[in-house]
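Structure at a glance
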Amino acid sequence: MTSYDLTRRELLAGTAVTGVALAGANLMPEFTSPAAAQDTVPAPAPLDLVLRINGTEQRLTFDPRTTLLDALREHLQLTGSKKGCGLGQCGACTVLMDGKRVKSCLSLAALVEGREITTIEGLAQGEELHPLQVAFIERDAFQCGYCTPGQIMAGVACIGEGHVGSPQEIRKWMSGNLCRCGAYDHIVAAILDAATVSSSVGGG
């Protein structure tokens, strides 16, 4: 009997043992992998909620795990708020909640009932653009445009919070919104312009 024959027999024996072990695992539920076990967990019951979006109440039914961003984009077709990183780091999904900026990808829609949500679609008054939207156009603060809605919403909040004393201050308070095209100088200039207009309108 050659060494080759012994190796071949050992291989066949090992294969047979492995096959028996796998068959046994399939017959014994306690050996089910955690990933497979998760697939058997039933989905939570859908929620019926009323969200106030851009001044209008919207009655929605969705999975309680739905983010505010997905509620806006998938259920209301308000696609201005963009899906970027999904981790709250890029700011493309920024909206206003009761006038304050939030990352909608990190907010559960079920937890914002009763709050006033404003998206980029609700910023203009009819055909009249918000001063910051006008400034973005005039200062050429658009590049690819993907981050623009989030930049504008964060900029509106930045002005409302009074963080517009200098370009450096604006950069600091807008640091949560990334522009991969690098249009930061134009964005800062637009926010300064809009802050001046807002101050003039407010009598400041």
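This report concerns the structure included in the present document. (Residues numbered from 1 in each chain as written. Predicted model: local features only at pLDDT ≥ 70, side-chain atom pairs only at ≥ 80, totals over all residues. Heavy atoms only, no water.)

Within the largest apolar cluster, 25 residues are counted, with the highest numbers of intra-cluster contacts made by Leu-132, Phe-136, Ile-152, Met-174, Ile-187 and Ile-191. Sorting the residues of this core by element identifies α4 (131–138), α5 (148–160) and α7 (184–201) as the ones contributing at least two each. With 7 residues, the single largest contributor to this core is α5. Met-174 has contacts with Arg-101, Gln-151, Ala-154, Gly-155, Cys-158, Ile-187 and Ile-191, leaving out every residue within four places of it along the chain. Residues Ile-53, Leu-60, Leu-72 and Leu-78 belong to the second largest nonpolar core, which totals 16 residues. (Core = buried A, V, L, I, M, F, W, Y, C linked by side-chain atoms within 4.5 Å. Buried < 20%, exposed > 50% of the residue type's maximum accessible area, 1.4 Å probe, protein only. Helix = DSSP H or I, 4+ residues; strand = E, 2+ residues; numbered from the N terminus. Contact = heavy atoms within 4.5 Å.)

What follows covers the pairing of strand β2 (residues 56–62). Residues in a regular strand point their side chains to alternate faces of the sheet. Pairing analysis gives 7 bridges linking strand β1 (residues 47–53) to β2, with the strands arranged antiparallel. In the sheet register, Val-50 faces β2, and the bridge partner there is Arg-59. The loop that links β1 with its antiparallel partner β2 comprises 2 residues; one of these, Asn-54, has a positive phi angle of about 55°. (Pairing = 2+ DSSP bridges.)

Before going further, it helps to examine α5. Taking 1.5 Å as the rise per residue, α5 with 13 residues should run 18 Å; its terminal C-alpha atoms sit 18 Å apart, in good agreement. For α5, the buried fraction is high: 12 of the 13 residues fall into the buried class. For α5, every residue scored as buried is listed here: Thr-148, Pro-149, Gly-150, Gln-151, Ile-152, Met-153, Ala-154, Gly-155, Val-156, Ala-157, Cys-158 and Ile-159. Phi for Gly-162, located one or two positions after α5, is positive at around 80°. (Expected span 1.5 Å × (residues − 1).)

Take helix α3 (residues 68–75) next. Turning to α3, its buried residues are Leu-68, Leu-69, Ala-71 and Leu-72. Where the residues of α3 are buried, they touch β1, β2, β3 (94–97) and β5 (116–118).

The next thing to look at is the sheet that holds strand β4 (residues 100–103). Strand order in the open sheet formed by 5 strands is β2-β1-β5-β3-β4, with mixed pairing between adjacent strands. Only two strands of the sheet have a single neighbouring strand rather than two, namely β2 and β4. Pairwise comparison of adjacent strand axes, ignoring direction, gives a mean angle of 40° for this sheet. Relative to β5, β1 runs parallel, the two sharing 2 bridges. Across the sheet, the residue bridging to Ile-53 is Ile-117, located in β5. The strands that α3 touches are β1, β2, β3 and β5; relative to β2, the one it contacts most, it runs at about 100°. (Axes fitted to C-alpha atoms, helices over the stretch in contact; angles between N-to-C directions.)

Turning next to the packing of α4 against α5. Interhelical geometry of α4 versus α5 gives an angle of 130° and a closest axis separation of 10 Å. One element, α4, and the other, α5, form an angle in the oblique class. Our pair here, α4 against α5, has a crossing hand that is right-handed. Residues Leu-132, Gln-133 and Phe-136 of α4 form the contact with α5, whose participating residues are Thr-148, Gln-151, Ile-152, Gly-155 and Val-156. A per-class count over the contact of α4 with α5 returns 4 nonpolar, 4 polar and no charged. (Parallel < 35°, antiparallel > 145°, perpendicular 65-115°, else oblique. Left-handed = near helix turned anticlockwise from the far one by under 90°. Nonpolar A, V, L, I, M, F, W, Y, C, P; charged D, E, K, R; others polar.)

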